[in-house]
Amino acid sequence: MSPDPSICRTDEGYFLAHSSFEYSPGVPVWHSPDLVSWRQVANALTSDDQFPAGRSSASRGIWAPTLRHRDGTFWLITTNMDDPRGGHQVYRATDPAGPWSAPVHLTELNGIDPDLAWDDEGVCLVSYCSWSHGAAGIRQVAVDLASGKLIEEPRWIWHGTGLSHPEGPHLYRRGSWWYLVIAEGGTERGHVVSVARSRGPRGPFESAPHNPVYTHRGIRHPVQSVGHADLVERPDGTWAAVHLGTRPRGGTPRFHVNGRETFLADVSWAEDWPHFAPAKARVPLGQRDFEDAFAAPALDLRWVSPGARPERFARGVPEGVVVGHAPSGNGEPSGLFARVAGDHWEAEFVLTPGSADCTVALRLDGRHWYGLRAAGGEVTAVARVGQLLTVLGTRPLPDSPVTLRVRSTEPTWNGPDDIELGIGDGTGTGTDVLGRLDGRYLSTEVAGGFTGRLVGVWADSGEVLVHRARFTERRA
């Protein structure tokens, strides 16, 4: 789950940010020296002033950031879909690892997907997706970033090529041309990248003759729905783009379960127009395998929550981390979750429930999850799909600590995978399976929305002690 990627380059390498939606802390920030290996260095939005946790419903919250670096300062602009003070917000930091500033709200602008660029006089231009009086396209306005005030009236600069949903603009200068790169076609199977150019950053913009310049629609490629691209120049003068895409699997209509992910494509130039090569790699944002005994003073950056901010309900102790029950304004569980990126994998949580009722679950959203609930001296495998809540199997709760496992396996039916829910049998590797479910019901094609699966633990009541969490991707 790493959609809407935005990238910039400094002398220290490449830095990337992507959407985080309802999860807090928000907006993961990554660093790479070479566009190959990546390490998370921050979550930019760590306070309620930056992103009020637990107020956003599924797939809302923080959308489509743009990350830029200028004169020693990193700039981040994004849209909070639920902030009454104004959706577009600007943050700054001298170190991408933080701290990031309090937000400057662009209260006079409506829309999504804001971009930052500076003209030759140093004036900041915000380009963004807008709908107004039946028109849809890209608008632009000069902004004072210190105050959030507009310097001029917003103006339309391009309505795209005629496809639906022109959005995700990014504006760059290359040589004597300014390029406006946008997404069109919607963020589903018809997604494309389109480009226009102008001699000045304010236009007028002419459409590329080979638009859309990048799409996988209608072709047999493992990566589909490509779009929302952000370009970057390498030190040797070659160019690349990060973009979102999905990896649908299983039978028709095929199902993607990890949400929209980040991919890398090479970009070449001919007659001063960009040409994209097919997606060549999924950007490895995070470790494929990890084990966390929660021994560090602070939680690892991978842990996020759809409810209250993690520090509100989780505290470290010598034996691990205590996760408490913490209601949130959006009704979602306040739990510790990690994003799932692999195709087939196993996750386990070793915990002591004590008197708490707790759940280890694979979650797409609050209405679509499979889990193991420890309560009343029993472990129960539960599936939530829409309005239906089904019990799959029950076992007596073993002596503590207990190991609860969630596993993605090869599919039995027509889906992308099957999900097994089970209890460790005490041998260290064996599992007493309580239920096996079709993975299609935890896919975007079934549940809708923009996010992918996360795996984690929450307390339904009381406090649970989590000794260790482990995630292992099973490679083909």
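Figured I'd write up the structure that's included with this text.

### What to know about the overall build of the chain
Okay, so step 1: Scanning the chain from terminus to terminus reveals one helix and 36 strands.
Okay, so step 2: For the chain, whose C-alpha radius of gyration is 23 Å, the value lies close to the compact-globule estimate of 23 Å for 476 residues.
Okay, so step 3: Expressed as lengths along the three principal axes of its C-alpha atoms, the size of the chain is roughly 70 × 45 × 45 Å.
Okay, so step 4: Here the chain, with 476 residues, has 61% of them falling under the buried criterion.
Okay, so step 5: Pairs at least 24 apart in sequence give 54% of the contacts found in the chain among residues at least 6 apart.
Okay, so step 6: Of the roughly 18200 Å² of accessible surface on the chain, 50% is carried by carbon and sulfur atoms.
Okay, so step 7: Computed over 46 positive and 56 negative side-chain charges, the separation of the two mean positions in the chain equals 3 Å.

### Some words on the side chain of glutamate 184
Okay, so step 1: By the element assignment, glutamate 184 lies in strand S15 (residues 177–184).
Okay, so step 2: One buried charged residue, glutamate 184, forms no salt bridge at all, with the nearest opposite charge on arginine 217 at 8.0 Å.

### Things to note about the environment of glycine 203
Okay, so step 1: Inspection of the secondary structure assignment puts glycine 203 in the loop between strand S16 (192–198) and strand S17 (206–207).
Okay, so step 2: Remark: the alpha-carbon pair of glycine 203 and tyrosine 179, spanning 24 residues in sequence, is separated by 9.6 Å.

### Considering the sheet that holds strand S4 (residues 39–45)
Okay, so step 1: Reading across from one edge, S1-S2-S3-S4 is the order of the four strands in this open sheet, with antiparallel pairing throughout. The open sheet has two free edges, formed respectively by strand S1 (6–10) and S4, since each of these has just one partner strand. Between one strand axis and the next, the sheet turns through 25 degrees on average, direction left out of account.

### Points about the side chain of histidine 18
Okay, so step 1: Among the structural elements, histidine 18 can be located in the loop between strand S2 (13–17) and strand S3 (26–32).
Okay, so step 2: Exposure remark for histidine 18: the relative accessible area of 1% places this residue in the buried category.
Okay, so step 3: Within the structure, the side chain of histidine 18 is placed 3.3 Å from the side chain of tryptophan 30, a separation counted as a polar contact.
Okay, so step 4: Dropping the residues within four chain positions of it, histidine 18 is found in contact with Met1, Ser2, Pro3, Asp4, Pro5, Val27, Pro28, Trp30, Pro65, Leu285 and Arg339.

### Here's the deal with the sheet that holds S15
Okay, so step 1: Read from one edge of the open sheet, four strands run S14-S15-S16-S17, paired in antiparallel fashion. Sheet topology places strand S14 (167–174) and S17 at the edges, where each strand pairs with a single neighbour.
Okay, so step 2: Of the strand pairs in this sheet, S15 and S16 are connected by seven bridges, and their pairing is antiparallel. When the bridges of S16 are listed, isoleucine 182 appears paired with serine 194.

### Description of the packing of aromatic side chains
Okay, so step 1: Enumeration over the complete set of coordinates arrives at 15 aromatic pairs.
Okay, so step 2: When the ring of phenylalanine 294 is compared with that of tryptophan 303, the centres are 5.7 Å apart and the planes differ by 35 degrees; the resulting orientation is tilted. Neither phenylalanine 294 nor tryptophan 303 differs from the other in exposure class; each is buried.
Okay, so step 3: Lying across the ring of tryptophan 177, arginine 199 places its NZ or CZ 3.5 Å from the centre.

### Concerning the pairing of S15
Okay, so step 1: With eight of eight residues buried, S15 is to be regarded as a mostly interior element.
Okay, so step 2: Along S15, one buried face is formed by Trp177, Tyr179, Val181 and Ala183 and the opposite face, lined by Trp178, Leu180, Ile182 and Glu184, is buried too.
Okay, so step 3: Direction of pairing for S14 relative to S15: antiparallel, over a ladder of six bridges. The residue bridging glutamate 167 from the neighbouring strand is alanine 183, located in S15.
Okay, so step 4: Where S14 hands over to S15, the hairpin turn is made up of two residues, of which glycine 175 adopts a positive phi near 65 degrees.

### Some remarks on the nonpolar core
Okay, so step 1: Grouped together as the largest cluster of nonpolar side chains are 42 residues, with contacts concentrated most on Trp303, Phe349, Leu351, Leu362, Leu404, Leu421 and Val466.
Okay, so step 2: In contact with tryptophan 303, not counting residues within four places along its chain, are Pro25, Phe290, Asp292, Phe294, Pro310, Leu336, Phe337, Ala338, Phe349, Val455 and Ala469.
Okay, so step 3: Of all hydrophobic cores here, the second largest spans 21 residues; its members include Val181, Val195, Ala208 and Phe276.

### Observations concerning unusual backbone geometry
Okay, so step 1: Cis rather than trans, the peptide bond between glycine 98 and proline 99 has omega equal to 5 degrees.
Okay, so step 2: Within the secondary structure layout, proline 99 lies in the loop between strand S7 (88–93) and strand S8 (104–105).
Okay, so step 3: The step from threonine 252 to proline 253 runs through a cis peptide bond, and the omega angle for that step is 10 degrees.
Okay, so step 4: Even without a glycine there, the phi angle at leucine 35 is positive, about 70 degrees.
Okay, so step 5: Among the structural elements, leucine 35 can be located in the loop between S3 and S4.
Okay, so step 6: One non-glycine residue, aspartate 71, lies in positive phi territory at about 55 degrees.
Okay, so step 7: One can find aspartate 71 in the loop between strand S5 (62–70) and strand S6 (73–80).

Criteria and cut-off values
In this numbering scheme, every chain counts its residues from 1 along its sequence in written order. Two thresholds apply to this predicted model, a pLDDT of at least 70 for residue-level local features and 80 or more for giving and counting side-chain atom pairs, whereas whole-chain, interface and lining totals are computed over all residues. Each side-chain value is derived from all of the structure's non-hydrogen atoms; neither hydrogens nor water enter the calculation. Helix and strand assignments come from DSSP, with helices taken as H or I runs of at least 4 residues and strands as E runs of at least 2, each series counted from the N terminus. The reference for a compact globule is 2.2 Å times residues^0.38; the radius of gyration itself is calculated from the C-alpha atoms. The buried label goes to any residue with under 20% of its type's maximum accessible area, the exposed label to any with over 50%, and the partly exposed label to all in between, with areas taken from a 1.4 Å probe on protein chains only. In what follows, a contact means two residues having at least one pair of non-hydrogen atoms within 4.5 Å. Accessible surface is estimated by sampling points in the Shrake-Rupley manner with a 1.4 Å probe; for residues, cover comes only from the protein chains shown. Counted charges follow a simple rule, with Lys and Arg positive, Asp and Glu negative, and His plus the chain ends left uncounted. Charge positions are represented by NZ for Lys, CZ for Arg, CG for Asp and CD for Glu. What makes a salt bridge here is a side-chain nitrogen of Lys or Arg within 4 Å of a carboxyl oxygen of Asp or Glu, nothing more. Each pair of strands is called paired provided DSSP finds at least two bridges between the two strands. As a rule, the C-alpha atoms of each element are fitted with a line to give its axis, helices using only the stretch in contact, and angles between N-to-C directions run from 0 to 180 degrees. Definition of a polar contact: a pair of N or O atoms within 3.5 Å, with one able to donate and the other able to accept a hydrogen when the atoms are protein atoms, and with sequence-neighbouring residues admitted only if both atoms are side-chain atoms. Two aromatic rings from Phe, Tyr or Trp, using only the six-membered ring of Trp, form a pair when their centres are within 6.5 Å; if the ring planes differ by under 30 degrees the pair is stacked, by over 60 it is edge-to-face, and anything between is tilted. Charges are assigned to positions over rings by a cutoff of 6 Å between ring centre and Lys NZ or Arg CZ, combined with an angular limit of 35 degrees from the ring normal. In these notes, a set of buried Ala, Val, Leu, Ile, Met, Phe, Trp, Tyr and Cys residues joined through side-chain atoms within 4.5 Å is what counts as a nonpolar core.

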